[in-house]
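# Survey of secondary and tertiary structure
So you can see what is in the structure, the chains are spelled out below.
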Amino acid sequence: MDTVKFLLYFSDFIVPFTMFYIVVYGFFNRTDVYESFLKGVKEGFQIVIEIAPTMIALLVSIGIFRASGALDSFSELLAPARKLLHIPVEVIPVFIVRIFSSSAAVSFVLDIFKEYGPDSRLGMIVSIMMSCTETVIYTITIYYMSVNIKKTRWTLPGAMFATIAGAVASVAITELIM
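Keep in mind the model is a prediction, meaning the values are calculated, not measured.

Our next topic: the nonpolar core. Val91, Val94, Phe95, Val97, Val126 and Met129 are the most contacted members of the largest nonpolar core, which totals 25 residues. No other element matches helix H6 (residues 92–100), which puts six residues into this core. Beyond its immediate sequence surroundings of up to four residues, Val97 is in contact with Ile62, Leu71, Ala104, Ala105 and Phe108.

This is the structure in structure tokens:
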């Protein structure tokens, strides 16, 4: 059996083994595992209930932003910085939307794949960009809201700097490998 087949076979058993281990560990430590599991599920549902309105508002806002043409206008405002950093114009909407929503950014990525192909320069840039940038606003909103943090301090500037660095790096990496 070669290594890849072994790893694929082994990966099928990781989750069941982990669950079995937790139950056995709980048994030997005299912990009611089922009750702990139910408590975790209840806490998870409570978090979903608390953040659902924010998620819905964020997704609706992105839809309006895209449909109204504001995304294209905002992309034009970034033209000087885009030219300075050698970022293709087709990538800018992916970058902007990625800051707010990963799923909306994926729709832009798929549009680029359809038009230019996944192995094209633009396809490579957006693929790398999606893997090395974060949904900054979504992440800050959801995570900070779930633990009731009101003051984000340097989180937003730091996350935006990292996201811009990821976008520039995606272009640079693509230039190196293509």
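The structure having been displayed, the exposition proceeds.
Further remarks concern the confidence of the model for the protein. When pLDDT is averaged along the protein, the result is 87; 99% of the residues meet or exceed 70. Ranking the elements of the protein by mean pLDDT puts helix H1 (residues 3–11) last, at 78, and helix H8 (residues 121–132) first, at 94.

A few words now on the environment of Met160. Within the secondary structure, Met160 is located in helix H10 (residues 155–177). For Met160, a relative accessible area of 22% corresponds to the partly exposed category. Expressed as a C-alpha distance, the spacing of Met160 and Glu134, which sit 26 residues apart in the sequence, is 8.9 Å. When residues no more than four places from it in sequence are discounted, the contact partners of Met160 are Ile99 and Val136.

How each quantity is defined
Residues numbered from 1 in each chain as written. Predicted model: local features only at pLDDT ≥ 70, side-chain atom pairs only at ≥ 80, totals over all residues. Heavy atoms only, no water. Core = buried A, V, L, I, M, F, W, Y, C linked by side-chain atoms within 4.5 Å. Buried < 20%, exposed > 50% of the residue type's maximum accessible area, 1.4 Å probe, protein only. Helix = DSSP H or I, 4+ residues; strand = E, 2+ residues; numbered from the N terminus. Contact = heavy atoms within 4.5 Å. pLDDT = per-residue confidence, 0-100.

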